[in-house]
Each structure stands twice: as structure tokens, then as C-alpha cells.
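# Examining the three-dimensional arrangement
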Amino acid sequence: MSSDEGMQRVFSGIQPDGELHLGNYLGAVRHWVGLQESYRCFFCIVDLHAMTLPWDPAALSETTLKTGALLLACGVDPARSILFVQSEVGEHPELAWVLSCVARMGELRRMVQFKEKSKGETESVGVGLFTYPVLQAADVLLYRAHAVPVGEDQRQHIELMRDLAVRFNSTFGDTFTVPQPLISPAGARIMSLDEPTQKMSKSSPRPGSKILLVDSPDTILKKVRSAVTDSGREVAAGDDKPALTNLLTIFSVVDGTDVPAVERRFAGSGYGAFKTALAEALIERLAPIRNRYGDLLADPAETRRLLSAGAARAAEVAGPTMDEVRARTGLVPRRSSGAAGVP
Ligand code: TYM
């Protein structure tokens, strides 16, 4: 038995569907790194989720590995946390099937991300896009995670997984922990630099919309300088100033202060000086990540090895949960499990 057996558990995931950006980092990954101190953490590169929109097989396997390297570069520590690729642990789709028999069409139809991603074409998108949140529920429930650190856009998916856990438990007996969302308000919704009413997104084709974690200092400077601003001259946040509010939020999170303190610091400075200071703060914060990432890319076999070792450890937790689910729902035991039935 490992020494962290009594710790609360955290699970979170990220799709390898593009390059990680500042929103992913400020909204989620920086919290993952901090939580490793006090929780037993499971961090998952959810490649099965990345198949829910049309994908390129070669790009998927490459981005999966690169996402692993980038998470390591951000400070996810495989000595303390379990970092793995979702498709390497077969219990994820297995539990997702069982949960899809517990979930209801109506509750999946209400998912905002499904509505956004299907762009109204609900008859022609893949079924996987519709059942996406059920697989996400399986990810978390398999590890009986207590907390799920994510950005604001994932709140509805976590509410659904809570509902599924409660429904499963009351129908088949107490099996799953009901997880809590862990959404830190600062940085939970970072917006696009060129369109501040839309969230910063991996899938945006516009390079100027986002800062990538691997952008060079020059690129960061250029992107911040060309970020749209609001009318007026004051460096001030407000409901009528979505662009400045977003830039001030980014500055405050990176600097570890609050928005009013940043406003005071740049009072009367004008947008130019503020943007230069923001770019410098970002360059300083992201430089160590970019450097470590470069080192890790030089040895992809080592990242591959770490991810496979993570998957083996994840399976040690996921397997017994799935054995219990099988027993409680009347499925026969797995051939290799040796499980006897409901404990
Ligand atoms: P994904 O890959 O879209 O995003 C990964 C994490 O980054 C957060 N995030 C943001 N935070 C702030 N501002 C933004 N602009 C921004 N964009 C993204 C997301 O909230 C997320 O925390 N469905 C998930 C992946 C997933 C998952 C899970 C998460 C699959 N299984 C189980 C938690 C638990 C997703 O698409 O994340």
C-alpha cells in the first residue's frame, strides 16, 4: 500500500486536439501542478475525446505525445502524480458504455458544449460528440476522484457526472464518489486576444487569438501588441471593456496580484506601456516551460515511457473500480480479474 492511500484524489484531463495555450495553463494546468502537493493526482491526456470531431490519425498520435511532454514541462511530476493517456486504460470506454445506459438523452442534449461544437448540425455530427460528457464522467468516476480542477467551460460536464454518480449509486449501490468541481475564479475563463467575447480555444484557426505555451518571446510580444483593446485610453476593467478586462486578468494571474492592483499600477500609463509589461511578464513565466519542453522533445522515448508507466499505475486503480461496477450491474467478472462479486 502506498503512503498516499489516505489522500483525497484529484482527476483532470486535457484533449490532445491542438497546442496548449495560456487559457489551458491559467485555467487548469497551473492548478494541477499546485495540487500535487496535497492530493493524489491523476492527469489524463484524453485522446478518445479528441476523436469526437474529425481528426487526422498521424496528428493525433503526435499531439498526444507532445501534450504529455508539455504537461511534464509545466511541472506535472510523474514521481508524485499519475500522468497517462486515456486510450491506454481500457476501463475508460468500458465504464462509459455502462454510464451511457444510465444517462438520459435529454440531459446530454442540454450540454452547451455539444450545442456549440455541433453548430446546429445535430443530425450529421458523430455520436461520440453527443456522448462525450459520458466518457468524461467515466474518466473521473473510475478513480473515485473527490475534486476536478478545470476551467469554467467544464462546469456543466461536472454537474452531469455528479448526477450520473448519484443515479448509479442509488440504483446499484454505493460505488462512486460524487466529485466536486475545483474552479478557481481567477483565470477560469481566458478570452481570445483578437475576439475578447469568445474564449481562448485550441480549435481556433487564428494564431493571433491565443498565446501558445511554446510561443517564442518575439511571438508573445507581437501577439500581445496586436491584441485588440477597447475604446478609451484608461487601463481599466469593466463590463463594457471585455478586451482590457481579459488582459488585466491575465496580468493579475501571472503576477499573482488582483485586477485593481494592476489597474492602479498602470493608471495613466496608456495601452502601449501596459501591453509591453504584460508581454514581459508572460515571457518570463513561460520561458522555463518552453525550455524544459525543448529538452523533453529531444528524447520522445522517455516521455512515451513515462506515459506508459502512468497508464499501468492508473489501471491498478481503474481495474478494481470496473470489477465492482461489473458485479453491481450484473455483468460477469472479467476473465483476468479474479473478482468474486459485490464486496
Ligand atoms: P480542454 O482540453 O478543452 O481544456 C483543458 C482544460 O483547460 C481549460 N480551459 C480554459 N480555462 C480557462 N480559459 C480558457 N480559455 C480555457 N480553455 C480551456 C478547460 O476548462 C480544461 O480544464 N472535456 C475536457 C477534457 C476532459 C476532462 C475529463 C476534464 C476529458 N475528461 C475529466 C476534467 C475531467 C476538455 O475538453 O478540456
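Residues numbered from 1 in each chain as written. Predicted model: local features only at pLDDT ≥ 70, side-chain atom pairs only at ≥ 80, totals over all residues. Heavy atoms only, no water.

### A look at the pattern of salt bridges
Taken as a whole and judged by the stated rule, the model has 17 salt bridges. For R334, the salt bridge is made with E91, and the minimal N-O distance between the two is 3.3 Å. Here R334, found in the segment after α12 (300-329), pairs with E91, found in helix α3 (residues 91-100); they are 243 residues apart in sequence, far enough to count as distant. The partner of R326 in a salt bridge is E94, with the nearest N and O atoms 2.6 Å apart. Residue R326 is located in helix α12, and its partner E94 is located in helix α3; the two are separated by 232 residues in the primary sequence. Each of E37, D77 and R80 takes part in one network of salt bridges that share partners. (Salt bridge = Lys/Arg side-chain N within 4 Å of Asp/Glu carboxyl O. Helix = DSSP H or I, 4+ residues; strand = E, 2+ residues; numbered from the N terminus.)

### Section: the site of the ligand
Surrounding the ligand, one finds 28 residues, the nearest of these being Y132, D139, D153, I190 and K202. Here a nitrogen atom of the ligand sits 3.1 Å away from a polar atom, N or O, in the main chain of G23. Here a nitrogen atom of the ligand sits 2.7 Å away from a polar atom, N or O, in the side chain of Y132. Contact with the protein chains removes 97% of the 710 Å² of surface that the ligand exposes when unbound. Partitioning the shell around the ligand into residue classes produces 11 nonpolar, 12 polar and 5 charged. (Near = heavy atom within 4 Å. Polar contact = N/O pair within 3.5 Å; in protein donor to acceptor, adjacent residues only side chain to side chain. Areas by Shrake-Rupley, 256 points an atom, 1.4 Å probe, with all protein chains shown as cover. Nonpolar A, V, L, I, M, F, W, Y, C, P; charged D, E, K, R; others polar.)

### Comments concerning the environment of R80
Counting through the fold element by element, R80 comes out in the loop between α2 (57-74) and β3 (82-85). Here R80 falls in the partly exposed class, since its relative accessible area comes to 35%. Taking the C-alpha atoms as reference points, R80 and E94, separated by 14 residues in sequence, lie 27 Å from one another. Ignoring any residue separated from it by four or fewer positions in sequence, one finds R80 in contact with Q36 and E37. Engagement of the side chain of R80 in a polar contact is seen with the side chain of E37, the distance being 3.1 Å. (Buried < 20%, exposed > 50% of the residue type's maximum accessible area, 1.4 Å probe, protein only. Contact = heavy atoms within 4.5 Å.)

### Focus on the nonpolar core
Judged by nonpolar contacts, the single largest core of 52 residues is most densely connected at L71, I250, F274 and L282. It is helix α11 (residues 271-297) that contributes the most residues to this core, 10 residues altogether. Counting contributing residues per domain, this core is built from domain 1 (9-182 + 299-337) and domain 2 (207-296), each supplying no fewer than three. Not counting chain neighbours up to four residues away, the residues in contact with L282 comprise L22, I211, I220, V224, I250 and V254. (Core = buried A, V, L, I, M, F, W, Y, C linked by side-chain atoms within 4.5 Å. Domains from an automatic or database assignment.)

### Looking at the state of the cysteines
Enumeration according to the criterion identifies 0 disulfides in this entry. No disulfide involves C41; its nearest neighbouring cysteine sulfur is the one of C44, lying 13 Å away. Judged by relative accessible area, C41 falls into the buried class, the value being 1%. C44 gets classed as buried once you look at its relative accessible area, which sits at 0%. (Disulfide = S-S within 2.5 Å.)

### Quick word on unusual backbone geometry
The backbone phi angle of K119 is positive, close to 45°, even though this residue is not glycine. Tracing the sequence through the fold places K119 in the loop between α5 (112-118) and α6 (127-142).

### Examining the domain arrangement of the protein
On domain assignment, one finds that the protein holds domain 1 (9-182 + 299-337) and domain 2 (207-296). For domain 1 and domain 2, the distance between their C-alpha centres works out to 31 Å. With 17 residues of domain 1 at the interface, the matching set in domain 2 holds 15 residues. For the pair domain 1 and domain 2, the summed buried area comes to about 1500 Å², and 71% of that belongs to carbon and sulfur atoms. (Buried area = accessible area lost by both parts, 1.4 Å probe.)

### Thoughts on the packing of aromatic side chains
Two numbers describe a pair of aromatic rings. These are the distance of the centres and the angle of the planes. In the structure shown here, the tally under the stated rule is 11 aromatic pairs. With a centroid separation of 4.9 Å and 55° between ring planes, the pair formed by F168 and F176 is classed as tilted. For the pair F168 and F176, one class covers both residues: buried. Seen in terms of ring centroids, F266 and F274 are 5.2 Å apart; in terms of plane orientation they differ by 70°. Their pairing is edge-to-face. Each member of the pair, F266 as well as F274, carries the same accessibility label: buried. (Phe/Tyr/Trp six-rings, centres within 6.5 Å; stacked < 30°, edge-to-face > 60°.)

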